[in-house]
Amino acid sequence: MTTHTATAPRGFASRNNLLTLAAMGVLLVLLFVFERNFDTFTMQIFKLCAINVILALSLNLINGFTGLFSLGHAGFMAIGAYTCAILTMSPTQKSVNYMLEPIAPWLAQIQIPFVPALLLAGLLSGLVGWALGFIALRLRDDYLAIATLGFSEIIRVILTNMQTITNGSLGLKGLPRFTTMWWAWGVATGCIIFMVLLIRSTYGRAFKAIRDNEIAAEAMGVNVFGLKVLSFTISCVIAGIAGGLLAHHLTTIDPKQFIFLKTFDILLIVVLGGVGSITGSVIAAIAVTVAMEALRFLDGPLNLGIWETAGTPGMRMVFFSVLLMLVIIFRQRGLMGTHEFSWDSLAKIGLLPRRKADAGADSERSA
């Protein structure tokens, strides 16, 4: 009996590991096939799906797993985007972009490779997030949301007015397209693995304890404030990396891209997928990104037979706003709730063979 209970978990774990490796292999094959067969526009959307996956995971860490209502994600994205863009631009590109006022002399000759610039973008966003979290995370609920939203707007105004560093409202154009499909989905896959390991760790359990009952968590010896700051900082680092990838995906950035509407897009993905679900964030990020492009016709003229419209820009967002309200009213938990994908769940619905131990337990219960 002892031997059976000791070996079953090992066999189950090795089975799951093999399935995971097989799934990663299938993903690599699919990426290779997509890159070879899809047109440039489709691949752009496919890369944007990966960036939105990263952003959704970063916001879900704060809102879903730690229970902090933050609305300042666009600001941290902007910090990462501008940091990565400025550090990777060549001196020639900088002289072309900074026409109204020359770039600050200490930045004019700096040019580093994409990977270090992306890491520095994440670190700078995390540093700013740590400083903000140390001040703002003493607030709760709506007050924290207002504080982070105000900070996001402050960042946007600073970027608009720092002409010699960010080129002001003109933005930065002609950035190298470093964000390939492999970089986008490679970082997204890394973030998914990191989030899974983090949430399964003692830190992840502490985050959930703070979300569920902050007073009880503190009574059990959890450093509530310190872990709030840690969660907020990690989220800002991931958002900064996503901002850097976005900058080199679009190859042009300006402060208007990082208004509150960008945070709303990410929040929409998190709520639709499930607040507190990694799987839900991934599925919803892909679905919403594709739907955003598929429903672009709503912004143009519509002929519905008995009714015609001249075209109203922004109708797509009206659709998604209505969808968000319906989800909040009828299914607050979103698509996945707090559930996650597992190989066990596929076995339960018959898509994978079940373990002998599970099948035997079911037969005993039915008997």
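Residues numbered from 1 in each chain as written. Predicted model: local features only at pLDDT ≥ 70, side-chain atom pairs only at ≥ 80, totals over all residues. Heavy atoms only, no water.

Engineer: Could you give me a rundown of the overall build of the protein chain, with the residues and numbers involved?
Structural biologist: Along the protein chain, the regular secondary structure elements total 17 helices and four strands. In the protein chain, which comprises 367 residues, the proportion classed as buried is 45%. In the protein chain, 78% of the contacts between residues at least 6 apart in sequence involve partners at least 24 apart. (Helix = DSSP H or I, 4+ residues; strand = E, 2+ residues; numbered from the N terminus. Buried < 20%, exposed > 50% of the residue type's maximum accessible area, 1.4 Å probe, protein only. Contact = heavy atoms within 4.5 Å.)

Engineer: Kindly report on unusual backbone geometry, identifying the contributing residues and their values.
Structural biologist: If you check the backbone angles, Asn-167 has positive phi at about 70° while not being a glycine. Along the chain, Asn-167 turns up in the loop between helix H8 (163-166) and strand E1 (172-173).

Engineer: Lay out the environment of Phe-65 with the relevant residues and their values.
Structural biologist: Assignment of secondary structure puts Phe-65 in helix H2 (residues 40-66). Placed 140 residues apart in sequence, Phe-65 and Arg-205 show a C-alpha to C-alpha distance of 9.0 Å. In contact with Phe-65, not counting residues within four places along its chain, are Asn-60, Met-195, Ile-199, Phe-207, Lys-208, Arg-211, Gly-276, Ser-277, Ile-278 and Glu-340.

Engineer: Any details on the pattern of salt bridges? Residues and values, ideally.
Structural biologist: Taken as a whole and assessed by the stated rule, the structure comprises five salt bridges. The salt bridge partner of Glu-153 is Arg-156, with a shortest N-O separation of 3.0 Å. Here Glu-153 pairs with Arg-156, and both are found in helix H7 (residues 141-161), just three residues apart, close to one helical turn. You can call Arg-156 partly exposed: its relative accessible area is 24%. A salt bridge links Lys-228 to Glu-214; the nearest nitrogen and oxygen atoms lie 3.0 Å apart. Within this pair, whereas Lys-228 is found in helix H12 (residues 224-250), its partner Glu-214 is found in helix H11 (residues 214-219), the two being separated by 14 residues in sequence. One network of salt bridges, with partners in common, ties together Arg-140, Glu-214 and Lys-228. (Salt bridge = Lys/Arg side-chain N within 4 Å of Asp/Glu carboxyl O.)

Engineer: Got a sec to walk through helix H3 (residues 73-88)? Specific residues and values, please.
Structural biologist: Taking 1.5 Å as the rise per residue, H3 with 16 residues should run 22 Å; its terminal C-alpha atoms sit 23 Å apart, in good agreement. In terms of residue burial, H3 counts as a mostly covered element, since 16 of its 16 residues are buried. (Expected span 1.5 Å × (residues − 1).)

Engineer: Tell me about the confidence of the model for the protein chain, and name the residues and values.
Structural biologist: Predicted confidence across the protein chain gives a mean pLDDT of 83, with 85% of residues reaching 70 or more. Scored below 50 in pLDDT, residues 1-8 makes zero contacts in the model with residues more than four places away or belonging to other chains. (pLDDT = per-residue confidence, 0-100.)

Engineer: Let's hear about the environment of Ile-155: which residues, and what values?
Structural biologist: Looking at the element boundaries, Ile-155 is found in helix H7. In the structure, Ile-155 is positioned 83 residues away from Gly-72 in sequence and 9.5 Å away in space, judged by C-alpha atoms.

Engineer: Provide a residue-level description of the packing of H2 against helix H10 (residues 202-212), including the pertinent values.
Structural biologist: At a minimum axis separation of 7 Å, H2 and H10 run at an interaxial angle of 60°. In terms of their interaxial angle, H2 and H10 are classed as oblique. For the pair formed by H2 and H10, the contact residues are Leu-61, Gly-64, Phe-65 and Thr-66 on the first element and Phe-207, Lys-208, Ile-210 and Arg-211 on the second. Of the residues assigned to the contact of H2 with H10, the class counts are four nonpolar, two polar and two charged. (Axes fitted to C-alpha atoms, helices over the stretch in contact; angles between N-to-C directions. Parallel < 35°, antiparallel > 145°, perpendicular 65-115°, else oblique. Nonpolar A, V, L, I, M, F, W, Y, C, P; charged D, E, K, R; others polar.)

Engineer: Tell me about the side chain of Lys-47, and please be specific about residues and values.
Structural biologist: By secondary structure assignment, the location of Lys-47 is in helix H2. A polar side-chain atom of Lys-47 sits 2.9 Å from a polar atom in the side chain of Gln-44. Residues in contact with Lys-47, not counting those within four places in the same chain, are Arg-177, Thr-179, Thr-180, Met-181, Ala-184 and His-249. (Polar contact = N/O pair within 3.5 Å; in protein donor to acceptor, adjacent residues only side chain to side chain.)

Engineer: Just give me the short version of the packing of aromatic side chains, but keep the residues and values in it.
Structural biologist: A full pass over the atoms with the stated rule returns eight aromatic pairs. Over the ring of Phe-134 we find Arg-138, and its NZ or CZ is 5.3 Å from the ring centre. Geometry around Phe-225 places Arg-138 over its ring, the cationic atom sitting 4.4 Å from the centre. (Phe/Tyr/Trp six-rings, centres within 6.5 Å; stacked < 30°, edge-to-face > 60°. Lys NZ or Arg CZ within 6 Å of the ring centre and 35° of its normal.)

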